[in-house]
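Examination of the molecular architecture
What follows is each chain in one-letter form.
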Protein chains: 4
Amino acid sequence: MSTSASGSPIRAAIINVTGYVGAELARLLAQHPAVEIVCVTGRSEVGKRLPNVFPHLWSVDLPIVADVEGDVDVIFSGLPHAAAAERLTPFIEQGVPVIDASADFRLYDEEVYEQWYGEHPAPHLLAQSVYGLPELHREAIAESRLVAVPGCYPTTTILALAPLAAKGWLGGRTVVDAKSGVSGAGRSLKLTSHFSEVDSNFSAYGLSGHRHQPEMVQELSSLQQSAESEAELNVTFVPHLVPMTRGILATCYPSISDGALPENPEERAAALRDAYESYYADEPFVHVAPAAPSTKQTLGSNACIVYPMVDPMTNEVMVISAIDNLVKGTAGGAVQCLNLMFGLPEELGLSKIGVYP
Amino acid sequence: MSTSASGSPIRAAIINVTGYVGAELARLLAQHPAVEIVCVTGRSEVGKRLPNVFPHLWSVDLPIVADVEGDVDVIFSGLPHAAAAERLTPFIEQGVPVIDASADFRLYDEEVYEQWYGEHPAPHLLAQSVYGLPELHREAIAESRLVAVPGCYPTTTILALAPLAAKGWLGGRTVVDAKSGVSGAGRSLKLTSHFSEVDSNFSAYGLSGHRHQPEMVQELSSLQQSAESEAELNVTFVPHLVPMTRGILATCYPSISDGALPENPEERAAALRDAYESYYADEPFVHVAPAAPSTKQTLGSNACIVYPMVDPMTNEVMVISAIDNLVKGTAGGAVQCLNLMFGLPEELGLSKIGVYP
Amino acid sequence: MSTSASGSPIRAAIINVTGYVGAELARLLAQHPAVEIVCVTGRSEVGKRLPNVFPHLWSVDLPIVADVEGDVDVIFSGLPHAAAAERLTPFIEQGVPVIDASADFRLYDEEVYEQWYGEHPAPHLLAQSVYGLPELHREAIAESRLVAVPGCYPTTTILALAPLAAKGWLGGRTVVDAKSGVSGAGRSLKLTSHFSEVDSNFSAYGLSGHRHQPEMVQELSSLQQSAESEAELNVTFVPHLVPMTRGILATCYPSISDGALPENPEERAAALRDAYESYYADEPFVHVAPAAPSTKQTLGSNACIVYPMVDPMTNEVMVISAIDNLVKGTAGGAVQCLNLMFGLPEELGLSKIGVYP
Amino acid sequence: MSTSASGSPIRAAIINVTGYVGAELARLLAQHPAVEIVCVTGRSEVGKRLPNVFPHLWSVDLPIVADVEGDVDVIFSGLPHAAAAERLTPFIEQGVPVIDASADFRLYDEEVYEQWYGEHPAPHLLAQSVYGLPELHREAIAESRLVAVPGCYPTTTILALAPLAAKGWLGGRTVVDAKSGVSGAGRSLKLTSHFSEVDSNFSAYGLSGHRHQPEMVQELSSLQQSAESEAELNVTFVPHLVPMTRGILATCYPSISDGALPENPEERAAALRDAYESYYADEPFVHVAPAAPSTKQTLGSNACIVYPMVDPMTNEVMVISAIDNLVKGTAGGAVQCLNLMFGLPEELGLSKIGVYP
């Protein structure tokens, strides 16, 4: 087993291991060469062994406890919003490194948070948090003790559009038509996750507004502003439910500012592709693909596959991106942040190769 | 068994019964109270009984023959383009009523056809054909002897946008992000229909241009022109493959001409809804739903469920529609045309209720 | 609309329309030419319109009420056991024809019922009830006012083995390895019906004993006894959950009494097949197929496809059968009983053709 | 990167990387810390880069060549039977270590091979080969240069029944009702792997005899004989196709020799469990579970989960086992053999934890 700077494994706790995010964190951390899971907490399942709740974790035989116990070097949280901030505040204030998969520390603007989630349990901590997308905030993550893992839709969408925003090329309306597997809705019981309702079925949802939209606007606007663009972003985001468990694919229809790209179709496509390839040249997990991706290419891996193109019928730009929502979209992104925070190789314990077919 | 005008059942032949369109025609016509299937043809399966090829048709025990034999009152064709026109031409010239599910008689402009499909085998017949979408061409279908059943994507999309086009409200760019089950790709063997490649997977395809786009433009432009709109339609159409067998859902993001709808969100939504409800008031199979549809609501039925709405984040109009691609999108649409052509009740032999769950 | 004996439609009520059995009854009865649904009841959804709960029933616009109201000619119940007997007792005692999809009136032996379901709410009514499998009890159903629709697993299994039992050929151990879609577990929320748990997954369940086993033993033993066999039936029944919504397939491994069938493999297969074909010669919905069935061949239809064969490796008899659990396995079987009870053609309102693919 | 005994990575070639077995070998070997893939061969895809054929392998950028080139320390073959022996013979004769996933070197009896597969291309090599199931042949594999990876069904079934056979407890008839995902049928195109045919569908197949049955008999009989049992094994093996991509679950109904286990149900269950737990006590990848497994618990991992139990209705023994057919059932088993052959830790490069959900 490899080690942290101090020579011994990083002792990690997982709060709320009994949801899908928690279980995926357990899957990844149990196989991470520099980490030892020392504590997992649950709510309803306290007292059981982890394999009794998740038989696929039969080789990770830990008791589920109510609260984080013993010495830990880092805390991962799979709690939902509000509950997360409440539970994590004491640890954050003690300076324990925290990687949170909820929405609580993602939105820098408290008012925007309140509009979507209600009152913030710990607004005084917002200034410390970093949006945990390494491709945009690598240095800040490495220096932070409070990392907010992005939502799964924002990860897919921001990585699809960041090279455009970083140039200030986004202008006017952007349509993001996103499609997700069912695990994104979590392990709790609801009719919209009932097998017989979802199987062989396809639908849009979240049509009255989805909480992930403001994250996209926050990060893309910030990139646009740093490129000194003054265009106001107008993002229509429509999520859809696909009859599969894992995977998100976003088909993005941005409006490109006049003059940003050549009008000649071939030159346009080449310039677009150049922008993506140079933006992601050194990224270990983002692949600018030569053809449109499919979600299963990323299953179980931390990869994000991005495909920018020019529509031959209309000369408009389109970008398609795909991830595994539970890995790059949550738990894998969290582990990537862990590696940065602890000075480990960024790829450690993470796979680039999907379990395909 | 009910009867045609003459008192005896309509004798129907199905050409190329061995594809999914042909099999679905057999399923519907075998249960149609005014029809008797008298002949089914195949290519590779000639000499077998129909139930040996399709065991679900065990109660429809007909031999598969090479050519249409005996007296028939109507011919349905499930052949692909080019092959269809070639095989059907003699029947059309003899005046036998023909309902064709291929692309051969859908595009009125021979040049557009050639751009997508190559040389047309029988361009002299184009003037006789009617685009077989009853909601747009009911009277013409009733009087025609050559009906071209629309493609599955155009049926979904045109029914989603027709109420806007009929008012002349479409302006500028329209994005149609469509998602289809795998049966739309037919029964022939290809890697993109291989179970292990499609299952638990989601992807876009047809990105270099899809043959169904010009049908949408033809019909929607025609509606716009009849409303004296001069806006040029710019349709970005991106199909996606869903890991399910049947069903199409189209999420449409039209641009609405300035001033066409009120800006106040509530008034805007109400005016939009009014336009749809009045346009489809008398349609037996189109349902303007109070919530977003899912594909399985239409499975096995001839229904098209349409949901127009205003995006609360951007005040833009969106329309979602869903059908069963093999029923309303092909074989059911064909039977609806048959009913019109033979003066039968339009709903005869067709269901409005999906096999759900 | 066709009519009942009296010339007007049969007025039907559906109790507990909000479960999958109730919804499927609504689907079938709404399209039945001799029936008018006059009343549907629910529990949690009282006050809503049926299409608000089940959008696929958009054309069946009835209010969901708390109790059966008005004059009805027949009552269908989709309530679970115990609740069904309690609610139905007054109607049964008034002589209203009742078709019950619960277990309450299936087991003739009150003690066996109590062993599996607890105290019976109305044991005095057991003597009136008929096990609603037309293939075994056609005449009794036609004369009864209380029909107990069989469970979905027993329908599949009994139809697979009845021709053997009716000859008295079953001897010793019979293994029934059954596989079901998820809709058999109903619409209520449980982790074992959660999409992410079931999708791309396969498992056995009910290993501590399944309530449907005694129904199989009751009916098969009764057939064996009428053939004067003295062999005691020993049925191992193991249900499995398939990642699909509808369909049951039972693979049955009976032990055949010595001497019942020839030992020569070809003669053995021929004699076996003869027994099945003659037993089911006049059945409208049971098809003795020339090859092994698949569940989707029956989807949405009332068919049961049975395939008896001799294992070439061991010369043992095996029988495979398939149905749609919600149609022939429940709601369709109920409608078939209705037709018998009201003197209608047995096939009325029911399909033999599955929605395939 | 870890190293082989000589200090440098093991140079591996994969023959026929373009099938699912080959692609899965590439997935595992690319992430194996002691291996470097130096050569991959294909047939139709020669000249392409591996990621063009399998985009999920985007980070494994190797050219696909026609033949094994350069120095290699071990050859893996994903060719089908006959082709495998022909291509591998020169390497075997040169003493290059070979791990073959075809059936060519699995059956020790040439006559049995010929009965199922036709003439053997290299019968003189049969004496050198070892059946590559580490749980049965660990020492022989470690010393062999020709390892025949078992079929996916035999792996599941033999591991389910080996503890019984090793005691000589199997007697009389054993029914193995097995269920597999579609990837077991490979990547080639056939109607039985067409998405629309398999999706939402379940069926038995291989009813005229399946090639994997003699492997089961060979290995289980050998164990029985070493326990001095004289019972002749009678194995009915029926495979079924599940609408999912990966995973095999076998439900086994063995007949237990009289007196082998106590009759008292509780004692019987305890003795049965003891036999399994002691047999598998030191196995890294076989887990004797406290409840019935599901296939997805093993997805992507090399685990085999086994659950022995006593049917409460009949007191008969049943055993359920589950694996990922492409990992423990083929490519993962192959890597486990590699580790043994090269003196590496047996678990190296393999996961015990499934990608769940």
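These numbers were taken from a predicted model, which means no experiment stands behind them. Residue indices follow the written sequence of each chain, beginning from 1 at its first position. Chains and ligands are labelled sequentially in the order written, the chains with letters from A and the ligands with numbers from 1. Note on the predicted model: pLDDT of at least 70 is required for a residue's local features to be given, and 80 or more for side-chain atom pairs to be given and counted; whole-chain, interface and lining totals, by contrast, use all residues.

1. Looking at the overall build of chain A
How we decide: What counts as a helix is a DSSP run of H or I of at least four residues, what counts as a strand is a run of E of at least two, and both are numbered from the N terminus. Each radius of gyration reported is based on C-alpha atoms, and the globular scaling rule is 2.2 Å times the count of residues to the power 0.38. With C-beta atoms placed from the backbone, a residue counts as buried when 20 or more other C-beta atoms lie within 10 Å of its own, as exposed when 12 or fewer do, and as partly exposed for counts between those limits. We call two residues in contact when the distance between their C-beta atoms, placed using the backbone, is within 7 Å.
The helix and strand tally for chain A stands at 10 helices and 14 strands. Against the 2.2 N^0.38 benchmark of 21 Å for 357 residues, chain A shows a C-alpha radius of gyration of 20 Å, consistent with a compact globule. With the C-alpha coordinates aligned to their principal axes, the bounding extent of chain A is approximately 65 × 45 × 40 Å. Counting every position in chain A, which comprises 357 residues, the buried fraction comes to 59%. The long-range fraction of contacts in chain A, counting pairs at least 24 apart against all pairs at least 6 apart in sequence, stands at 71%.

2. Re the interface of chain C and chain D
Applied cut-off: Charged residues are taken to be Asp, Glu, Lys and Arg, nonpolar residues to be Ala, Val, Leu, Ile, Met, Phe, Trp, Tyr, Cys and Pro, and polar residues to be all remaining types, Gly included.
Taken together, the 39 residues of chain C in the interface contact 39 residues of chain D. Put simply, the parts of the chain that give the side of chain C that touches chain D at least two residues each are strand 8 (173–180), helix 7 (195–198), strand 9 (203–204), strand 10 (234–241), strand 11 (248–253) and strand 14 (317–323) of chain C. Looking at the side of chain C that touches chain D, its residues break down into 18 nonpolar, 15 polar and six charged.

3. Some words on the sheet that holds strand 2 (residues 35–41) of chain B
All names here are of chain B. Keep this limit in mind: In this description, strands pair whenever DSSP reports at least two bridges between them.
Pairing is parallel across the open sheet formed by seven strands, whose spatial order is 3-2-1-4-5-7-6. Each end of this open sheet is capped by a strand with a single partner; those strands are strand 3 (64–65) and strand 6 (130–131). The pairing of strand 2 with strand 3 spans two bridges and is parallel. By the bridge assignment for strand 3, V40 is matched with I64.

4. Overview of the relation of the copies chain C and chain D
Short version of the rule: The copies were overlaid with a least-squares fit restricted to C-alpha atoms from residues scoring a pLDDT of at least 70 in each copy.
Once turned by 180° and shifted 0.0 Å along the axis, chain C lies on chain D with an RMSD of 0.0 Å. Within this description, the copies of the chain are treated as partners about a two-fold rotation axis. A shared interface surface links the copies, since 100% of the contact residues of chain C are contact residues in chain D too.

5. Points about the domain arrangement of chain A
All names here are of chain A. What counts, and what does not: Note that the domain bounds were set by an automatic or database domain assignment.
Per the domain assignment, the segments of chain A are domain 1 (10–149 + 329–341) and domain 2 (153–325). In this complex, domain 1 contributes 17 residues to the contact, which on the side of domain 2 involves 20 residues. Elements represented by at least two residues in the side of domain 1 that touches domain 2 include exactly helix 4 (110–117), helix 5 (134–143) and helix 10 (327–341). Among the elements that line the side of domain 1 that touches domain 2, the one with the most residues is helix 10, at five residues.

6. Thoughts on the relation of the copies chain C and chain B
Structural alignment of chain C on chain B gives an RMSD of 0.0 Å, achieved by rotating through 180° and translating 0.0 Å along the axis. When the interface residues of chain C are mapped onto chain B, 100% of them again fall at the interface, so both copies present the same face.

7. Here's the deal with the sheet that holds strand 10 (residues 234–241) of chain A
Residue and element names in this part refer to chain A. Stated precisely, the cut-off is as follows: In this analysis an axis means a line fitted to C-alpha atoms, helices contributing only their contacting stretch, and an angle means the value between N-to-C directions, from 0 to 180 degrees.
Across the sheet, which stays open at both edges, the seven strands sit in the order 9-10-8-11-14-13-12 with mixed pairing between neighbours. Pairing within the sheet leaves two strands with one partner each, and these edge strands are strand 9 (203–204) and strand 12 (286–288). Here strand 13 (residues 304–310) pairs with strand 14 (residues 317–323) via seven bridges, running antiparallel. Bridge assignment links Y307 to a residue of strand 14, and that residue is I320. Running at roughly 45° to strand 11 (residues 248–253), helix 6 (residues 152–167) makes contact with strand 8 (173–180), strand 10, strand 11, strand 12, strand 13 and strand 14 of the sheet.

8. Overview of the pairing of strand 1 (residues 10–15) of chain C
All names here are of chain C. Taking burial as the measure, the six residues of strand 1 include five buried ones, the bulk of the element. Here five bridges tie strand 1 to strand 2 (residues 35–41), and the two strands are oriented parallel to one another. Residue pairing in the sheet places R11 in a bridge with E36 of strand 2. Inspection of the sheet shows strand 1 paired to strand 4 (residues 74–77) by four bridges, in the parallel sense. In the strand pairing of strand 4, I15 is matched with S77.

9. Quick word on the nonpolar core
As a reminder of what qualifies: A set of buried residues qualifies as a nonpolar core if it consists of Ala, Val, Leu, Ile, Met, Phe, Trp, Tyr and Cys joined through C-beta atoms within 7 Å.
Grouped together as the largest cluster of nonpolar side chains are 478 residues, with contacts concentrated most on A26(A), A26(B), V306(B), A26(C), V306(C), A26(D) and V306(D). Apart from the residues lying within four places of it in its own chain, the contact partners of A26(B) are I14(B), V17(B), I37(B), V40(B), L50(B), L57(B) and V60(B).

10. As for the environment of E111(C)
Residue and element names in this part refer to chain C. Tracing the sequence through the fold places E111 in helix 4 (residues 110–117). Residue classification places E111 among the exposed residues on the basis of 9 C-beta atoms within 10 Å. Spatially, the C-alpha atoms of E111 and E230 are 22 Å apart, while their sequence positions differ by 119 residues.

11. Some details on the pairing of strand 14 of chain C
Residues and elements named next belong to chain C. Of all seven residues in strand 14, seven are buried, a share of seventy percent or more. Residue alternation in strand 14 divides its side chains into two sets, V317, V319, S321 and I323 and M318, I320 and A322, and both sets are buried. The sheet contact formed by strand 11 and strand 14 spans five bridges and is antiparallel. Residue T251 lies in a different strand from strand 14, and its bridge partner there is I320. In this structure, the hairpin formed by strand 13 (residues 304–310) and strand 14 is closed by a connection of six residues, where N315 is found at a positive phi of approximately 65°.

12. Quick look at the packing of helix 1 (residues 20–30) of chain C against helix 10 (residues 327–341) of chain C
Residue and element names in this part refer to chain C. Note the threshold: By definition in this entry, angles of less than 35 degrees are roughly parallel, angles greater than 145 are roughly antiparallel, angles of 65 to 115 are roughly perpendicular, and the rest are oblique. Should the near helix be turned counterclockwise from the far one by less than a right angle, the crossing is left-handed, whereas a clockwise turn marks it as right-handed.
Contact pair helix 1 / helix 10: the axes reach a minimum separation of 9 Å and the direction vectors enclose 50°. With respect to helix 10, the axis of helix 1 lies oblique. For the crossing formed where helix 1 meets helix 10, the hand is right-handed. Contacts between helix 1 and helix 10 involve V21, E24, L25, L28 and L29 on the former and, on the latter, V327, T330, A331, G332, A334 and V335.

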